[in-house]
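A structural walkthrough
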Amino acid sequence: MTDAAHSTLPTAALIASRRNSPANAALVKRRYAAERRFKAFGIGALILTGTFLLALLTNIVGKSIPAFFEHTANLEVKLDPAVLAPDGKVDPATLKSADYASLTRATLMSIVPGIEGRAARKSLSGVLSSGAADELRRRVVADPSLIGQTIKVPLLLSDDGDLYMKGQDAGASSVPGIGTVTPSDIKGSITLTSTDGAFKSLVDDLTKAGVPKDADTGAIVLNSNLPSRLVAINGGLVKLQSVTPDGATGNVLLSLKGNEAASGPAWQQTTYSVPEGRRKTNDQDVAIIEKVKETGAIQKGINWRFFTSGDSREPELAGIRGALVGSALTLLVTLVLCLPIGVLAAVYLEEFAPKNRLTDIIEVNINNLAAVPSIVFGLLGLAVFLNFMGLPRSAPLVGGLVLALLVLPTIIIAARAAIKAVPPSIREAAIGLGASRQQAVFHHVLPLAMPGIMTGTIIGMAHALGETAPLLMIGMIAFIVDIPGSLTQAATVLPVQIYLWSDLPEVAFQQRTAAAIVVLLAFLFAMNGAAIWLRSKFERRW
Amino acid sequence: MYKKASVAALAAVSVAAFAGAAAARDQIRIVGSSTVYPFTTAVAEEFGKAGGKTPIVESTGTGGGMKIFCEGVGVDKADATNASRRIKKSEFELCAKNGVTDIVEIKVGIDGLTIAHAKGGKPIALTRKQVFQALAEQVPDKDGKLVANPYTKWSDIDPSLPDVKIEVLGPPPTSGTRDSFHELFMEKGAEGFDSLKALKKADEENKTKDFEKVWKSVRKDGAYVEAGENDNVIVQKLEANKDAYGIFGYSFLEENTAKIAGVGIEGVEPNYDNISSGKYKGARDLYIYVKKQHVGVITGLDKFVAEYVSDKAIGEDGYLAKKGLVALPKEDAEKVRTAALEMAPLKGDELK
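Residues numbered from 1 in each chain as written. Chains lettered and ligands numbered in written order. Predicted model: local features only at pLDDT ≥ 70, side-chain atom pairs only at ≥ 80, totals over all residues. Heavy atoms only, no water.

Along its length, chain B carries 16 helices and 13 strands. Taken over the C-alpha atoms alone, chain B extends approximately 70 × 60 × 45 Å along its principal axes. Out of the 352 residues in chain B, the part that is buried amounts to 54%. When the accessible surface of chain B is summed, it comes to about 15,300 Å², and 53% of that surface belongs to carbon and sulfur atoms. Taking the average location of the 50 positive side-chain charges in chain B and that of its 52 negative ones, the two points are 3 Å from each other. (Helix = DSSP H or I, 4+ residues; strand = E, 2+ residues; numbered from the N terminus. Buried < 20%, exposed > 50% of the residue type's maximum accessible area, 1.4 Å probe, protein only. Areas by Shrake-Rupley, 256 points an atom, 1.4 Å probe, with all protein chains shown as cover. Lys, Arg positive; Asp, Glu negative; His and termini not counted. Charge placed at Lys NZ, Arg CZ, Asp CG, Glu CD.)

Here it is as structure tokens:
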């Protein structure tokens, strides 16, 4: 349309008359409508992808947040010389191998009285992490003069205890009891009897909630699909199993100090509103955690350990540092190999290589290689680097070599495109002023192509950062506790860590998985940010 | 400039590589099953805490692990492999061919394969025959002739089962759990039919594999959904779909008791005691295999084995039980312990 208008140079009046013709008006309208439609589709597509991205990110970040916090119980631990140095010797070896767990257990016992029987003891030892004793060990080994003193130590809660504090709790609440209750014994299965209908309100509540009475005995029988009802009496805790207005039977969770009658607010009726069948922790666990919680010793803190330690099978002890360092080392090897080889290959192919059948074949094959499934590179790595060259398994060096093979084609293609985009006039001007071919390329073309090469390289690196499949074959999908210190030490990488954690049964590992994904994304954003910064810093226009 | 940099880098890399490769090894290397991985890693960590160097445990799958394990003897070869099934005769022979002649077999515990549904879904009790009927591609009709699976609802199989569409989420064929599912549920279920029993007999006589074909297939019409290798994903999907059932290892059921409930098989609930005692039929043994030839060469390998079979690890109250491993009955555990500490090598003749 506009072309026609230009060539004939019509007068203003002619243009006006054409523009105002009804046919033209309709055409213009249709064109505008088409343009609006296209814009709307574009915006729609953006909004859709934006929503998906936002949903994904909020989901992951939301899930990961609890993993960045941890709960510790600040408890006073008596450093008993009889346990730490049984034969009076205070040397590092003895102190290292001493039984610190028994000290923390003794501390817990003093806070939670009435632990009797195997189940209760098992629950008690499940409150603290197996790593809690490590902190104690560290302090004592660092300062043996502490032995014999009582020190306050933050003891890490176990994963279940931690999850309990993070909201997966039992909804415990207590109301003072009314009436008088007499327990039959202080431990085991006992009956609680009342002469003044102490359990009437509870029976009314349960009846209102639709819990049926047993036809024979007339008692209401509780089960694990109902909220747990407990009675705190004489310093102990009884879980009720059946209730009548004048009595109840139950199991003792925390043993009683005595079996005398208690009346009025001296005994309490406790409810765990989440039924036992619907939570991870059983009533025994809850009784103990609630007791520790009551003392106010449990504190929330930032989980620095997540960033400073390596992998562990205990979710509360597991950290991302090993994988992070492993990823960094692996990418370092990849970068050191890929950038020079890729750029030089691109320069040669683009600037020096004769255009013949051979270079055509090479070019096609580079493009093909870029599309080869990554597991194939893993197999190649296994055959060449491990079996033939005898490099160590699971090493970042081998991982880096394999990933270098994987991203080389990407980098060569990107670098060639960047070099091709440099205007020929730059090259010609340099040669015209007497520069050699090589000088023209390395002094003029390459610096101008660098921003594009950088972008391509970093995209390739980001691709390498997310790979797991080729690493399977060379043994990097592994449980490795130690943080790698060199290129040949065993290591794993971030995406592998995510994969391994996501496959573990412990619920707390799901949060760790999300947190590891957040760390991986942050790593990725940092790399891409660097790419953008480098590009804008070195970009030249002509 | 670039050339110089790259040459220097290559030189640095290769020097680092060969310096590391030549050194002897004081760190145990274990490969193998992803099912045993959570347990072996726990032992590895405990072993590391007790003063040894924490072993490296790779998750390669049982078959992949066997291949690496059987590569040969030497400091650059794996010391042990995890397996969610017994070593096969062919694998044993491969090992022997490559010089791995003294293999110590250690049965470390039991894993229950459980069918489960979300709490709030319809409780159901199944037999293995019903599981077979629900999921096999071909089932025998009234006359014993194999027909394409006609059942769409559980109640079509047996009127006592709920009137709910059959939808079972399970592992893909690449998973060891899937192999176990076929062997423990589908094969045994298929044997419940007289016509298929006859087919099995005919197979043995004619050396055909028609029976195997029947129990090794699952229907592809959407009743069986391959939900990926990751058991956590299946748990999450069950939560979202109350009518679906999922197949996974017992440790996931135990860890998610708040969300999912196990399905009883032949009237036996999948719980710790039933699996340990052998009453629950969907259970399999878990193994590790150790190269005896590496004991004394790789520092701490014997101590690692001792830690693994110790009562504080595989015992009923051991730390592996906390991780979801079902302990062997006391007598069996005692036998395993003695054999492991003696390092009695496996003889190939009892293998299949």
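More follows now that the structure is in view.
Turning to the side chain of Glu276(A), a few remarks are in order. Position of Glu276(A) among the secondary structure elements: in the loop between β11 (268-272) and α11 (283-294). In contact with Glu276(A), not counting residues within four places along its chain, are Ser224(A), Leu226(A), Ser228(A), Lys239(A), Asn282(A) and Asp283(A). (Contact = heavy atoms within 4.5 Å.)

Another aspect to go through is the pattern of salt bridges. Residues and elements named next belong to chain A. For the structure on display, the rule yields 40 salt bridges over all chains. Among the salt bridges present, the one from Arg 279 reaches Asp 283, with a minimum N-O distance of 2.8 Å. Here the residues in one salt-bridge network are Lys 239, Glu 276, Arg 279 and Asp 283, joined through shared partners. (Salt bridge = Lys/Arg side-chain N within 4 Å of Asp/Glu carboxyl O.)

All names here are of chain A. Where helix α7 (residues 117-125) contacts α11, the two axes come as close as 9 Å, and the packing angle between them is 55°. Taken together, α7 and α11 sit at an angle that is classed as oblique. Both α7 and α11 take part in a crossing whose hand is right-handed. Contacts between α7 and α11 involve Ala 119, Ala 120, Ser 123 and Leu 124 from the first element and Gln 284, Asp 285 and Ile 288 from the second. (Axes fitted to C-alpha atoms, helices over the stretch in contact; angles between N-to-C directions. Parallel < 35°, antiparallel > 145°, perpendicular 65-115°, else oblique. Left-handed = near helix turned anticlockwise from the far one by under 90°.)

Before going further, it helps to examine the packing of helix α13 (residues 321-352) of chain A against helix α18 (residues 437-465) of chain A. Residue and element names in this part refer to chain A. Viewed as axis vectors pointing N to C, α13 and α18 meet at an angle of 140°, and their least axial separation amounts to 9 Å. The angle between the axes of α13 and α18 places the two elements in the oblique class. The crossing of α13 and α18 is right-handed. Across the interface between the two elements, Ser 327, Leu 331, Thr 334, Leu 335, Cys 338, Leu 339, Val 343, Leu 344, Val 347, Glu 351 and Phe 352 from α13 touch Arg 437, Gln 438, Val 441, Phe 442, Val 445, Leu 446, Ile 453, Thr 457, Met 461, Ala 464 and Leu 465 from α18.

A few words now on the interface of chain A and chain B. It is common to give the size of an interface as the accessible area lost on bringing the parts into contact. Between chain A and chain B, the contact holds 44 residues from the first and 45 residues from the second. The contact between chain A and chain B buries some 4,000 Å² in all, and 55% of this surface belongs to carbon and sulfur atoms. Remark: the boundary between chain A and chain B carries five salt bridges. A salt bridge links Glu506(A) to Lys323(B); the shortest N-O distance between them is 3.2 Å. The interface formed by chain A and chain B holds 19 residue pairs in polar contact (both at pLDDT 80 or more) in total. Those elements that provide at least two residues to the side of chain A that touches chain B are α7, α13, α18, β13 (478-479) and α20 (494-502) of chain A. Considering each element in turn, the side of chain A that touches chain B owes the most residues, four residues, to α13(A). Looking at chain direction, β13(A) and strand β2 (residues 56-58) of chain B are connected through two bridges and run antiparallel. Bridging from a neighbouring strand, Phe479(A) pairs with Val57(B) of β2(B). (Buried area = accessible area lost by both parts, 1.4 Å probe. Polar contact = N/O pair within 3.5 Å; in protein donor to acceptor, adjacent residues only side chain to side chain. Pairing = 2+ DSSP bridges.)

Bringing the sheet that holds strand β2 (residues 150-156) of chain A into the picture now. Pairing between sheet strands relies on hydrogen bonds along the backbone, with the strands arranged either parallel or antiparallel. Residue and element names in this part refer to chain A. Here we have three strands laid out as an open sheet, ordered β2-β1-β12, and antiparallel in their pairing. For this open sheet the edge positions go to β2 and β12 (298-302), each flanked by a neighbour on one side alone. Each strand axis lies, on average, 35° off the axis of its neighbour in the sheet, ignoring direction. For strand β1 (residues 69-78) and β12, the ladder comprises five bridges, and the chain directions are antiparallel. When the sheet's bridge partners are listed, Phe 69 is paired in β12 with Ile 302. Helix α6 (residues 100-111) contacts β1 and β2 of the sheet and is inclined by roughly 90° relative to β1. In the packing of helix α8 (residues 132-142) onto the sheet, the strands contacted are β1 and β2, and the crossing angle to β2 comes to about 140°.

Residue and element names in this part refer to chain A. Two strands pair when backbone bridges link them, and strand β6 (residues 220-221) and strand β8 (residues 236-244) are joined in this way by two bridges, in the antiparallel orientation. By the bridge assignment for β8, Ile 220 is matched with Val 243. As defined by bridge partners, strand β7 (residues 228-233) adjoins β8 across four bridges and the pair is classed as antiparallel. Looking across to β8, one finds that Val 231 is bridged to Val 238. Two successive antiparallel strands, β7 and β8, enclose a turn made up of two residues, where Asn 234 displays a positive phi of approximately 50°. Where β8 and strand β9 (residues 247-254) come together, seven bridges link them in antiparallel fashion. Pairing of Leu 240 across the sheet is with Gly 250, part of β9.

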